[in-house]
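# Structure assessment
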Amino acid sequence: MVQVKLEFGGGLDAIVADRTKRLQVDAPVRTLGELITWVRRNCIREKHDMFAVSEATVRPGVLVLVNEVDWELEGTTRYELQPGDHVAFISTLHGG
Amino acid sequence: MTEHPPVLFCPDRESVERYSRQMLVQGFGGPRAQQVLQQQVRVLIVGCGGLGCPAALYLAGAGVGCIGLADADRVQRSNLHRQVAFTDADVSAAKVTALRAALQARNPRVHITEHDVMVSADSARDILRPYDVVLDCTDNAAARYTVNDACVWERKPLVSAAAVGLDGQLAVYNHGRDGPCYRCVFPVCPPPECQGSCDADGVLGMVPGVLGVLQALEALKLVMEMRGVGKWRCSLTGRLLLFDGRHLEFRTVQLRPRQRHSCAVCRQVYDEEEATRALPLNGARPTTAPAAAELPAADPLYLDVRPPEQFAMMHLRGALNIPFDELPHRAPQYLSCRRHRHIRVVCRRGIQSQKAVALLRQLAPNAVHIENVPGGMEALVSKRGVDEEHGKHAR
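Small disclaimer: the values here were computed from a predicted structure and weren't measured.

Here we come to the overall build of chain A. Check the secondary structure of chain A and you find 1 helix and 5 strands. Along chain A, helices (α) and strands (β) appear in the sequence β-β-α-β-β-β when read from the amino end. Relative to the 2.2 N^0.38 estimate, which gives 12 Å for 96 residues, the radius of gyration of chain A is 12 Å and therefore close to what a compact globule would have. Principal-axis analysis of the C-alpha atoms places the extent of chain A at approximately 35 × 25 × 25 Å. By residue count, 55% of the 96 residues in chain A fall in the buried class. In chain A, 56% of the contacts between residues at least 6 apart in sequence involve partners at least 24 apart. Charged side chains of chain A number 11 positive and 14 negative; the gap between the two group centres comes to 6 Å.

The UniProt feature table records "modified residue: 1-thioglycine" (unreviewed entry) at A:Gly96. Considering the arrangement of structural elements, one finds A:Gly96 in the segment after β5 (86–91).

For the rest of this paragraph, the subject is the domain arrangement of chain B. Taken domain by domain, chain B consists of domain 1 (13–264) and domain 2 (279–389). Its C-alpha centre places domain 1 of chain B at a distance of 41 Å from the equivalent point of domain 2 of chain B.

What follows covers the packing of aromatic side chains. Centre-to-centre distance and the angle between the planes together describe a pair of aromatic rings. All names here are of chain B. Inspection of the entire model under this criterion finds 8 aromatic pairs over all chains. With a centroid separation of 5.5 Å and an interplanar angle of 70 degrees, the aromatic rings of tyrosine 173 and tyrosine 182 are classed as edge-to-face. Just as tyrosine 173 is buried, tyrosine 182 falls in that class too. Each ring, one from tyrosine 182 and one from phenylalanine 186, has its centre 5.5 Å from the other, and the planes form 55 degrees; the classification is tilted.

Turning to the pairing of strand β2 (residues 42–46) of chain B, a few remarks are in order. All names here are of chain B. When you tally the buried positions in β2, you get 4 out of 5 residues, the bulk of the element. In terms of strand pairing, β2 meets strand β3 (residues 66–70) through 5 bridges, oriented parallel. Each bridged residue has a counterpart across the sheet, and for valine 46 the counterpart in β3 is alanine 70. In terms of handedness, the path from β2 via helix α3 (residues 52–62) over to β3 forms a crossover that is right-handed. Examined bridge by bridge, β2 and strand β5 (residues 133–136) share 4 bridges and lie parallel to one another. Residue pairing in the sheet places leucine 44 in a bridge with valine 134 of β5.

This next bit is on the confidence of the model for chain B. Residue and element names in this part refer to chain B. Summing up the model confidence of chain B, the mean pLDDT is 86 and the portion of residues at 70 or higher is 87%. Every residue in residues 274–297 scores below 50 in pLDDT, and together they form 36 contacts with partners more than four places removed in sequence or on other chains. Between residues 387–395, whose pLDDT stays under 50, and residues either more than four places distant or in other chains, the model counts 26 contacts. Scored as a complex, the prediction yields pTM 0.78 and ipTM 0.95.

Which parts of space are left empty comes out when a probe the size of a water molecule is rolled across the atoms. What the rule picks out here adds up to 3 cavities of 30 Å³ or more. By volume, the largest cavity amounts to about 130 Å³. Taken together, 15 residues line the largest cavity, and the ones lying closest to its centre are A:Lys21, B:Asp167, B:Leu242, B:Phe243 and B:Asp244. Those elements that provide at least two residues to the lining of the largest cavity are β1 (2–9) of chain A together with β7 (167–173), β8 (239–244) and β9 (249–254) of chain B. Considered class by class, the residues forming the lining of the largest cavity number 4 nonpolar, 4 polar and 7 charged. Of the volumes computed, that of the second largest cavity is approximately 70 Å³. Lining the second largest cavity are 13 residues, with A:Thr92, B:Ser160, B:Gln169, B:Tyr173 and B:Tyr182 sitting closest to its centre. Counting only elements with at least two residues in the lining of the second largest cavity, the list comes to β6 (158–164) and β7 of chain B. Top element by residues in the lining of the second largest cavity is β7(B). It accounts for 4 residues. Looking at side-chain class alone, the lining of the second largest cavity contains 9 nonpolar, 3 polar and 1 charged residues.

So, about the layout of surface pockets. All names here are of chain A. Volume-wise, the second largest pocket comes out at about 680 Å³. In terms of lining, the second largest pocket is formed by 30 residues, of which the most central are Gly10, Gly11, Leu12, Asp13 and Ala14. Of the residues contributing to the lining of the second largest pocket, the split by class is 9 nonpolar, 10 polar and 11 charged.

The next subject is the environment of B:His175. All names here are of chain B. For histidine 175, the location among the structural elements is in the loop between β7 and α7 (182–185). A sequence separation of 19 residues divides histidine 175 from lysine 156, and the C-alpha atoms of the two residues are 7.5 Å apart. Only 2.6 Å separates the side chain of histidine 175 from the side chain of threonine 237, close enough to count as a polar contact.

Once that is clear, we can look at the packing of helix α1 (residues 13–23) of chain B against helix α2 (residues 30–40) of chain B. All names here are of chain B. At a closest axis distance of 10 Å, the pairing of α1 and α2 adopts a crossing angle of 115 degrees. Considering how the two elements wind past one another, α1 and α2 form a crossing that is right-handed. Contacts between α1 and α2 involve Tyr19, Gln22 and Met23 on the former and, on the latter, Gly30, Pro31, Gln34, Leu37 and Gln38. Split into classes, the residues belonging to the contact of α1 with α2 amount to 4 nonpolar, 4 polar and no charged.

Close approach of charged atoms allows side chains of opposite charge to pair. A full pass over the atoms with the stated rule returns 27 salt bridges over all chains. Its salt-bridge partner being A:Arg22, residue B:Glu249 comes within 3.2 Å of it at the nearest N-O pair. Linking B:Glu249 in strand β9 with A:Arg22 in strand β2 (residues 22–27), this pair reaches from one chain into another. With relative accessibility at 41%, the residue A:Arg22 sits in the partly exposed group. Ionic pairing is found between A:Asp70 and B:Arg256, a salt bridge with its closest N-O pair at 2.6 Å. With A:Asp70 in strand β4 (residues 69–70) and B:Arg256 in the loop between β9 and α10 (264–272), the pair connects residues from two separate chains. The same class applies to A:Asp70 and to B:Arg256, which are both buried. Salt bridges linked by common partners bring B:Asp12, B:Glu14, B:Arg18 and B:Arg109 together as one network.

Reading the values: rules and limits
Residues numbered from 1 in each chain as written. Chains lettered and ligands numbered in written order. Predicted model: local features only at pLDDT ≥ 70, side-chain atom pairs only at ≥ 80, totals over all residues. Heavy atoms only, no water. Helix = DSSP H or I, 4+ residues; strand = E, 2+ residues; numbered from the N terminus. Rg over C-alpha atoms; globule rule 2.2 N^0.38 Å. Buried < 20%, exposed > 50% of the residue type's maximum accessible area, 1.4 Å probe, protein only. Contact = heavy atoms within 4.5 Å. Lys, Arg positive; Asp, Glu negative; His and termini not counted. Charge placed at Lys NZ, Arg CZ, Asp CG, Glu CD. UniProt positions renumbered as here; feature names shortened; annotations may be inferred. Domains from an automatic or database assignment. Phe/Tyr/Trp six-rings, centres within 6.5 Å; stacked < 30°, edge-to-face > 60°. Pairing = 2+ DSSP bridges. Right-handed = clockwise from strand over helix to strand, strands pointing away. pLDDT = per-residue confidence, 0-100. 1 Å grid on protein atoms, 1.4 Å probe; cavity = no way out; pocket = protein on both sides within 12 Å on 5 of 7 lines; lining within 4 Å. Points joined across faces, edges and corners; volume = space filled by probe spheres on them. Nonpolar A, V, L, I, M, F, W, Y, C, P; charged D, E, K, R; others polar. Polar contact = N/O pair within 3.5 Å; in protein donor to acceptor, adjacent residues only side chain to side chain. Axes fitted to C-alpha atoms, helices over the stretch in contact; angles between N-to-C directions. Left-handed = near helix turned anticlockwise from the far one by under 90°. Salt bridge = Lys/Arg side-chain N within 4 Å of Asp/Glu carboxyl O.

Quick look at the structure:
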């Protein structure tokens, strides 16, 4: 069990249960990849494919941040979560 | 008493009137930077909508010499709440034409080029080649990838903004060797049902307004950095700014560096390029403020204690500029020089120069005669009969 803060931005909050932007959860996971699978099952209420199409990775156009840093710099799905980590899922915007 | 030398260095009257408030900003680079902006800088704005309108208005106001506008759309009434350069009378006019008129009304000195076409993979590289920097103000994912890829091939930095609903994002892509491109960060285009848009999801006009203005600010800093004038640095390279209009929060997050081996476009461009070849991002190095020529020993030395930005706008021939705060460590070398036995201190209105005189008398040998110029530059300008309006802006 690891306690993490979740954030959904760029419109992703619309598909989260309670349409909330920020959540604090205790997730029975170890890595960021496992967290994505868990969030898809437990926090997303509709249009699950807007968050993640397959297991353990987000759909194209979603940027994952760990403590305000691009997950690419943290080992992506293999990153081992620490208690209190802030994980943000930000959908890229295209409008203007 | 020696006659005051005439006022010498001053940019042309219209430049002073039009740009004085921005030339005065510390680090801007004064009239020299303004001249470079006017004569050398070319900026392309792709998309003349909610982002492109405010960005273009501010860049025209700032005196960017050449602005290119690319958009194939016509103005619709539903655009007006956020596309602030257009009026009701512009409805159904071509956006590039209506925006051009708005920019030229604001600043007739700016040269505008219209590209009344949809930027496509075929046309993008040719369109953006003449420009220094590109602003992505488009409204769809396909255009964003097209503009990005062309920028990577043509080595143009890309200032990219987007807005939907109450959310906005801003980044500077493809800047320097390590700054990522858009495709480095978002390698795969999202499926169509996940691409939000202002038409489908709505947008509050202020949100693209905020982002478009910030885009213009970063573009201005970027071109000034590239031209080597002023003390500019594009501060957003490698980071993404997230704007949440609902909670009024701004924050920036760290992006990955350029993905030279995995990004589909950077891989091609950089594999073909020799690794040692640097991106052509820097032009001439900064030139320093006008050199202060020393006067013959018989004449007094005019010591101007105003900030360098004010000095650059107008000063006395041969005057030496040492800002008031720097006097203690910079003045002694001049005070001990035998050539300067007579120093006259000038500031804007003759007040700070009195304090400077007191300070310098403590630092100087007794033989040096130090006096204040009463009333400062304002008094000199009015005595000299310099054009009233010009003088008001210039000093």
